[in-house]
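Geometric and topological summary
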Amino acid sequence: YQKALNFLIEKKARVDSINYSYGKGYYMLVFAQSYQGMEKWNLASQYLKEGQRLLKGAENTKIYGFSYYLEGREAEHNGDYNRALKHYHASLATATPIKTLGSLDDSYQALSRVLSKMGEYEQANFYIDKLVRTKDSIQLNWEDNIFEMITVRDSLQQNANRISQLEEKQKNDELKTRLLW
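To keep things clear, this report deals only with the structure shown in the data block. (Residues numbered from 1 in each chain as written. Predicted model: local features only at pLDDT ≥ 70, side-chain atom pairs only at ≥ 80, totals over all residues. Heavy atoms only, no water.)

Let's shift gears to the packing of aromatic side chains. Inspection of the entire model under this criterion finds seven aromatic pairs. Seen in terms of ring centroids, Tyr26 and Phe66 are 6.2 Å apart; in terms of plane orientation they differ by 40°. Their pairing is tilted. In this pair, Tyr26 is assigned in helix 2 (residues 21–37) and Phe66 in helix 4 (residues 62–77), connecting sequence segments 40 residues apart. Under the relative-accessibility criterion, Tyr26 is labelled partly exposed at 36%. Considering the side-chain rings of Tyr35 and Tyr47, the 5.5 Å spacing of their centres and the 20° angle between planes classify their relative orientation as stacked. Of this pair, Tyr35 sits in helix 2 while Tyr47 is found in helix 3 (residues 41–54), placing the two residues 12 residues apart along the sequence. Aromatic ring contacts, followed pair by pair, group Tyr26, Tyr27 and Phe66 into a single cluster. (Phe/Tyr/Trp six-rings, centres within 6.5 Å; stacked < 30°, edge-to-face > 60°. Helix = DSSP H or I, 4+ residues; strand = E, 2+ residues; numbered from the N terminus. Buried < 20%, exposed > 50% of the residue type's maximum accessible area, 1.4 Å probe, protein only.)

In this section: the environment of Ser45. Mapped onto the elements, Ser45 comes out in helix 3. Judged by its relative accessible area of 14%, Ser45 is buried. A sequence separation of 25 residues divides Ser45 from Leu70, and the C-alpha atoms of the two residues are 9.1 Å apart.

Further remarks concern unusual backbone geometry. One non-glycine residue, Glu39, lies in the positive phi region at around 65°. Structurally, Glu39 is set in the loop between helix 2 and helix 3. Taking relative accessible area as the criterion, Glu39 reaches 53% and is therefore assigned exposed.

Structural measurements only, silent on function.
What follows is the structure in structure tokens.
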């Protein structure tokens, strides 16, 4: 975590010169996540609040969903499970339309973990089941997309080969024409 944090701090110095608060807000959230990973919760909380301030107006975006997730982790660490659930649900709400594995995966796992700590095992299992189904679904979609990308790549390669052949033929025809004159 420390190496990653040093890299991000260097990057933060460059980002500070940029006027895009969303970019800076995102980096603040990454700092918060790093400090949470190092169990430095006070620093994590400061960066989380700064990131949320910079991301004002982007509450329904994937980036802000990351903020909700981090806030849920902080609440869970402090033993405030109801608040953690609230933030994890908000994180899930922003992740669901995007359907990226990382955001859904983290939200489902966090919800299951907190519900287990609260003794709500049936609900916790519900989120584990959703996690497994989502991973399977995303995996199948990923495999379909890979197959489609390979097909497109092969088609583009065939077209490129045809174009090369036509260009070569055109050059040969031009050369023949010059020789005949």
